There are 2 protein chains.
Amino acid sequence: TEEASEVITELDENIREIILNEIDKEKIVDIIDELDTDDATDIVSDLPENIAEHVLDNIDREDSEEVKELLKYPEDSAGGIMTSDFAYVLEDATVKDAIDEVRKNADEFEHIYYIYVLKSNDELVGIVSLKKLLINSLDTKITSIMEEDLIYVKPEDDQEEVANIIEKYDLVSVPVVDDHKRMLGRITVDDVVDVIHEEATEDIQKIAGLSEEEEISDSAFHISRIRLPWLLVSLIGEMVSATVLSSFQASIEKIVAAALFIPIVMAMGGSSGQQAAIVMVRGLIKKDIWLSEGFGKILKEFRVAMLNGFICASVLFVTTHFLFKVDWSFSLVLSSSLIIIMTFATIIGATIPVIFKRFGVDPAIATGPIVATTNDIFGLLIYLSLVTLFFVT
Amino acid sequence: TEEASEVITELDENIREIILNEIDKEKIVDIIDELDTDDATDIVSDLPENIAEHVLDNIDREDSEEVKELLKYPEDSAGGIMTSDFAYVLEDATVKDAIDEVRKNADEFEHIYYIYVLKSNDELVGIVSLKKLLINSLDTKITSIMEEDLIYVKPEDDQEEVANIIEKYDLVSVPVVDDHKRMLGRITVDDVVDVIHEEATEDIQKIAGLSEEEEISDSAFHISRIRLPWLLVSLIGEMVSATVLSSFQASIEKIVAAALFIPIVMAMGGSSGQQAAIVMVRGLIKKDIWLSEGFGKILKEFRVAMLNGFICASVLFVTTHFLFKVDWSFSLVLSSSLIIIMTFATIIGATIPVIFKRFGVDPAIATGPIVATTNDIFGLLIYLSLVTLFFVT
């Protein structure tokens, strides 16, 4: 059963659902009884309500209370990923008392890295590593060797915040306390490793324009539903592009060659905007860029875009004029619009995430079709306006 | 100095370079002397050669030997991220001997989670957690309480592989051994957390078409150089698109309305191809999808694409015919090409990463401009061929 319990926590959600549906309720109780309370909570929260109740009524009484407590916190908060299993001693304890506490819990807790020192009202006052217990004599007062300079999190903190703290301070475990600094639980680094993976996956998923994470075992219908929303946003956005084009229909009729370069201006605006957006979003998420610096960074993006725009435009001028034998004046207008479009697209790509962040919207959403579609529309507008200005009127 | 050492390891590379250039060689020696050998190696490898030599000649002799050993391994291999500081005892030791070993190294090593049990030829035979040392009596033979079912890595293993193992088995530290199972060092979970972040950043960077990671402090010229290669690939690809269009110039001249919908077919093919490519790449990297299953997954992508293609095509038909008053026969051909293009683009997006992986190329590269440009070219080809077939000939 212990092995079954270990395996069940690592499974893909759909497969877990199928397995849990197949097996007997009593077997589920046995499996969940073996788990640490954080993993148990994850699984119970996914069970159908009647089975969840049955499980909570039949597992170890104390665990059941704790799981019910943990179920109150959102799944992606510190409270949602913490376990309420921790080893602790009171302030008047000695090293010997602490070792006894470790011994008492050795079998039950998966990992013990620290002993927490609490006041009688559960207030956290210090932590002691197992290393410290080993190197000090048995009658040492625990308060004399404990670390009092504490790093802790609140249960309502976002799991990404917790991951940042654990990563920044190279911790293996961080205590979770309430507003009165009363100890509620702890979060270990293995849970945080999962969080980091999850958050990276989420960012990538937003770039891909997926509305939630796809599991390999999802049905084609389910996957279709995940991908469709952004495809429809894209479709509607590009209808605006079509409308822009139709307002220049007279120009296109007069200079059909202008239509040939539509893919180039669209793709180049799209790529440079996407690059700027992704770099900005990563910076904002990793806190490398603070919001106040965002606008300074946009200035740098402007210089990058001018530079790359100029280089790409030169290549475009040479190839279109000398290779495709396009008239030099048209090549010049085309290449100049490329510089303007790439610069504009880069600024849009870098600015939209900053604005989103400023108004409390997740900046990663901008990397999806929003920046791409905006840039397509304005790119076409810029290109065709210039062509019309120079060659039609 | 200890604090200076901690800070220096967390800095952005450019800023570190500036600081290390500003300060005195002797100060650098002091700072590096304080670090664990894995962090020291990272910094020494970035120093100019003459300073690196000076540092290696002046830090603690034993550390210097170890850093020189570690410098031999590639930066992103297990050998490159391991530290050669570890606490160990020989097979005939008792719990008391192990505790003495912990006591001896307590100050020097940042983290101790396990004591390694070695044969006299350095062969690793077991590990003992500090918890085990605490709960067993002092005269217990170490071999009777050690874990013999060992998980370890080789120095030449990729750091991503190491991260997968640590994550899968929820470890805080994993030993690194050579081909004769001789203990070389250990990798702790805090280093792996950095690796996971790094790998996620790398994947995203490939999606954005960046040739290396951008640091916030990079100059505009440097950033331009990072982004330019893929922009040029994109530019050349879209010139092929322009050539495709020019071969249909007669059709476009006859039916100028056909040009209006170029942005729609390009963007929709692009988005669905990108979604499929990103999902496939994530699956291949996370090993959720094995290569042999890749082709089965492509079949599922086919069904997803047909479904979404049909829905988007219906929306497109209704809007173009009823809202834009496009002739029903043209709307029908346009919408039908959308289904074909989205299906084709999805298959391309899902297939290219699998083929790359098959031939040992990093599949993540496919998510850059390669899939996008291929889909633009074929999308235009499909759309204009159908338009020509039905309305021009």
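This text follows the structure it describes.
Here goes a summary of the coordinates provided.

Okay, unusual backbone geometry next. Residue and element names in this part refer to chain B. We note that Asp122 has phi near 75°; this positive angle belongs to a residue other than glycine. Tracing the backbone through its elements, the reader meets Asp122 in the loop between β2 (114-118) and β3 (124-129). At Lys325, a position not held by glycine, the phi torsion is positive, near 55°. Within the fold, Lys325 resides in the loop between α17 (291-323) and α18 (328-358). Overall, Lys325 belongs to the exposed group, its relative accessible area being 67%.

Before going further, it helps to spend a moment on the relation of the copies chain B and chain A. Both copies of the chain are related through a single rotation about an axis accompanied by a shift along the same axis. Superposing chain B onto chain A takes a rotation of 180° combined with a translation of 0.0 Å along the rotation axis, leaving an RMSD of 0.1 Å. Within this description, the copies of the chain are treated as partners about a two-fold rotation axis. A symmetric contact is evident, with 100% of the interface residues of chain B recurring at the interface of chain A.

Now for the nonpolar core. Core analysis: the biggest nonpolar cluster contains 74 residues, and Phe261(A), Phe330(A), Tyr383(A), Phe261(B), Phe330(B) and Tyr383(B) have the highest contact counts within it. Apart from residues no more than four positions distant in its own chain, Phe330(A) is found in contact with Ile255(A), Ala258(A), Phe261(A), Tyr383(A), Val387(A) and Phe391(A). Formed by 58 residues, the second largest nonpolar core is a distinct cluster that contains Tyr114(A), Val153(A), Met183(A) and Met183(B).

Here we come to the packing of helix α13 (residues 220-247) of chain A against helix α19 (residues 369-392) of chain A. Residue and element names in this part refer to chain A. α19 packs onto α13 with a crossing angle of 10° between their chain directions and a minimal axis gap of 9 Å. Classified by the angle between their axes, α13 and α19 sit roughly parallel to one another. Contacts between α13 and α19 involve Trp230, Ser234, Gly237, Glu238, Val240, Ser241, Val244 and Leu245 on the former and, on the latter, Pro369, Ile370, Thr373, Asp376, Ile377, Leu380, Leu381 and Leu384. Taken together, the residues of the contact of α13 with α19 sort by class into 10 nonpolar, 4 polar and 2 charged.

Here we come to the interface of chain B and chain A. The interface of chain B with chain A comprises 99 residues on the first partner and 99 residues on the second. For the pair chain B and chain A, the two sides together bury roughly 8700 Å², of which 72% comes from carbon and sulfur. Put simply, chain B and chain A have 2 salt bridges between them. Between Glu301(A) and Arg227(B) there is a salt bridge whose closest N-O contact spans 2.8 Å. Remark: the boundary between chain B and chain A carries 16 residue pairs in polar contact (both at pLDDT 80 or more). Counting residues per element, the side of chain B that touches chain A draws most heavily on helix α13 (residues 220-247) of chain B, which supplies 18 residues.

Criteria and thresholds
Residues numbered from 1 in each chain as written. Chains lettered and ligands numbered in written order. Predicted model: local features only at pLDDT ≥ 70, side-chain atom pairs only at ≥ 80, totals over all residues. Heavy atoms only, no water. Helix = DSSP H or I, 4+ residues; strand = E, 2+ residues; numbered from the N terminus. Buried < 20%, exposed > 50% of the residue type's maximum accessible area, 1.4 Å probe, protein only. Least-squares fit on C-alpha atoms with pLDDT ≥ 70 in both. Contact = heavy atoms within 4.5 Å. Core = buried A, V, L, I, M, F, W, Y, C linked by side-chain atoms within 4.5 Å. Axes fitted to C-alpha atoms, helices over the stretch in contact; angles between N-to-C directions. Parallel < 35°, antiparallel > 145°, perpendicular 65-115°, else oblique. Nonpolar A, V, L, I, M, F, W, Y, C, P; charged D, E, K, R; others polar. Buried area = accessible area lost by both parts, 1.4 Å probe. Salt bridge = Lys/Arg side-chain N within 4 Å of Asp/Glu carboxyl O. Polar contact = N/O pair within 3.5 Å; in protein donor to acceptor, adjacent residues only side chain to side chain.

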